Amino acid sequence: MENQEMELTFSDIIRIFKRRKWTFALIFVATVAITLIYLFYFTTPTYKAEQLVEFEGQTSSTSSLSQYAGLASMAGISIPSGGGSTNSLTTEIERMKSDRVLGQVVDQLNMVEKANQNKSWLSEIRGIEYTKRGFIKSIREKISIQNVEGTNFVKISYESSNPTQAASIVSLTYQYYLDYEKEYTLGRSNKTINQIESIFTDLEQQFNKINKQVFDYKIENKISDDAIQTDLINYYEETYLKLLKMDQEKQQLEITLQSIEKNLAETSEEMKELMLTASQSNLSNLKNKLINYQIELETLKLNQPNSPRIRELESVITVTENELKQQQNKLLENNMTYLSVTDREKFSQYIQTQTQLELFDVTKQVYQQMLSVIDTEINKKSPVVYQYLQMMKDQKIIESKYNMFYNTLEQERMSQKLYTPKFSMVQAVYQPENPIAPNKKLILAIGGVLGIFLGILGVFVKESSDNTIKDKKEFETLFKNPEITLNSEKEIEKIINKLYQTKNTKIAVIQTSQKIPTNFAEQIYNQIKKITPEYTYTDPTKPQNYEEKIKQFEETKQKTHTITKFTNIDSPEYILYNPTINNNIILIKQKSTTIETIEQIQKSIPNPTYIFIK
């Protein structure tokens, strides 16, 4: 009978663990002990220092001349490129981690010199030289500057095996950032002031010059105040400034439009054609109506400010503007349009921006035509008055620009004096007293779980590598129920009784384990001889030469009742005696006899008598 693979049941597993309990306990205790040794002798405690600050955004001195670039350009004044300022939290966090800030931290703590003076012997052998750049990179990788979700709070933290160093790095990083941010902001402010002063000087010269020209021209030509249409000049100035402001706003919209177009640059040709169609829709009739209505409205406001037609025109203009928007937005309501759109939100923003630009074009044309109307009105006057009004018009425009830049300059100077940082302290850093790592309880728990796992693994590895018959249950599962089970070798009487019942005369006692006493077969013989004196005992291994062994075999063969001892069925002695044997008693020793031995016996001996010895 061949050995069949045994399927483990829960009871089998319990028996395995009972047999291997000391193996499991040893592995578990060893793993926990190693964990404790590692925890207390090899791990380095890590301390975490934290500081909480609040981002307050815009500082008191963050204006940039770029916001006046459009106005200055219209005035014929060139502004040097100064770049725009930014106040985003992300930008400020990156500034905190800049080389400028972290380099000062490294210098303040003298990190490079200390590291080179206290190098380990291994670092000395490898020739490692610590540098400032390396420490800056290390701090940047380890320092954490994170926005607390849903708030303006920013948490600055650093982990180190040295609690004092961790707290110092956090504190110095924030302090040096404040110094850097102040220097950077005031530097930008000074640059802006210098640029504004340069423009303001030019405007001041122009303003003084035009004032003198107007005054001299009025005296020279004896122009009375009655001849001056102040309302007309004021309206011209107001309209002109509106036109300048609108150009600035239009410029921002065009930048937005270009950004969207760039994002959608990879769209299909059908998409591009759709966008072009949407942006160049046939809206000329509505635009022309709007222009005409607004020109009429502005003309009435200028010449007949109390006319009832003004209110009527304002209502008509509102309706027409809404109609223009609706025609543009029809594209957004068409579901078929979105079938070719990869980014619906971007496409919607694109159309809305185009609509605003269309309305800007309408308003711009109105302002430009109104300026032309005023120029025409001025031109109707006498040449002397016409020239004077033109000079007054220029004077008003320059005066407005002069006042604007003067106010800006004063505001910027005041902002410098009232400078406040972008961050304020919420919770100062303190030197941590307790390490955050290693987590001793967690590591010990992991060691315990690992010990259990390795213990289980060790039990099954040892079980699978042990090819002996572990217990009677395993023998029964793999082979059959033994005829007799002995709790020890002393219960030899059970075997005697079994032999007495079977009445077999030629008996072979096969001892499958060295742990069975060598005289066990002889003990059986001694006991059974007491009730059946005819039995004789033979040990084929005792004769020294072959002739004696053959002589012993022939003598045993002639006897009717024999008990013969064997230790291996592959031995020459068993091969010789086997044909004469009518009962093979197989002695199986628990935890000693191998499964292969029983398998071999199953193949070679029909109906053996199994005696299981615990």
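Everything quoted here is computed from the prediction, not taken from an experiment.

## Some details on the UniProt feature "transmembrane region" (unreviewed entry) in the chain
Here is step 1 of the chain: Per the UniProt record, "transmembrane region" (unreviewed entry) is found at residues 21-41 and 442-461.
Here is step 2 of the chain: Annotation note: span residues 21-41, helix share 100%, strand share 0%, distance between end C-alpha atoms 30 Å.
Here is step 3 of the chain: Across residues 442-461, helical content stands at 100% and strand content at 0%; the span's end C-alpha atoms are separated by 28 Å.

## Here's the deal with the environment of Ile 495
Here is step 1 of the chain: Of note, Ile 495 is situated in helix α19 (residues 492-502).
Here is step 2 of the chain: Residue Ile 495 is classed as buried on the basis of its relative accessible area of 1%.
Here is step 3 of the chain: Placed 11 residues apart in sequence, Ile 495 and Ile 484 show a C-alpha to C-alpha distance of 7.3 Å.
Here is step 4 of the chain: The contact partners of Ile 495, leaving out residues within four places of it in the chain, are Ile 484, Leu 486, Phe 520, Ile 524, Leu 587 and Ile 611.

## Here's the deal with the packing of helix α5 (residues 99-108) against helix α9 (residues 163-221)
Here is step 1 of the chain: Axis separation between α5 and α9 bottoms out at 9 Å; the angle between their running directions is 135°. Judged on the interaxial angle alone, α9 and α5 are oblique. Crossing geometry of α5 relative to α9 is assigned as right-handed. Listed contacts from α9 to Arg 100, Val 101, Leu 102, Gln 104, Val 105 and Gln 108 of α5 are Ile 169, Leu 172, Thr 173, Tyr 176, Tyr 177, Tyr 180 and Glu 183.
Here is step 2 of the chain: Taken together, the residues of the contact of α5 with α9 sort by class into 8 nonpolar, 3 polar and 2 charged.

## Some thoughts on the pattern of salt bridges
Here is step 1 of the chain: Evaluated as defined, the whole model comprises 24 salt bridges.
Here is step 2 of the chain: The closest approach of N and O atoms between Asp 471 and Arg 15, which form a salt bridge, is 3.5 Å. Here Asp 471 is found in the loop between α17 (440-465) and α18 (472-478), whereas its partner Arg 15 is found in helix α1 (residues 10-19), with 456 residues between them in sequence.
Here is step 3 of the chain: Between Glu 489 and Lys 589 there is a salt bridge; the shortest N-O distance is 3.0 Å. A residue pair is termed long-range when its members are at least 10 positions apart, and Glu 489 in the loop between β5 (484-486) and α19 and Lys 589 in strand β9 (residues 583-589) qualify at 100 residues.
Here is step 4 of the chain: Judged by its relative accessible area of 12%, Lys 589 falls in the buried class.
Here is step 5 of the chain: Salt bridges sharing common partners tie together Arg 15, Arg 19, Arg 20, Glu 463, Asp 466 and Asp 471.

So, how was this worked out
Residues numbered from 1 in each chain as written. Predicted model: local features only at pLDDT ≥ 70, side-chain atom pairs only at ≥ 80, totals over all residues. Heavy atoms only, no water. UniProt positions renumbered as here; feature names shortened; annotations may be inferred. Helix = DSSP H or I, 4+ residues; strand = E, 2+ residues; numbered from the N terminus. Buried < 20%, exposed > 50% of the residue type's maximum accessible area, 1.4 Å probe, protein only. Contact = heavy atoms within 4.5 Å. Axes fitted to C-alpha atoms, helices over the stretch in contact; angles between N-to-C directions. Parallel < 35°, antiparallel > 145°, perpendicular 65-115°, else oblique. Left-handed = near helix turned anticlockwise from the far one by under 90°. Nonpolar A, V, L, I, M, F, W, Y, C, P; charged D, E, K, R; others polar. Salt bridge = Lys/Arg side-chain N within 4 Å of Asp/Glu carboxyl O.

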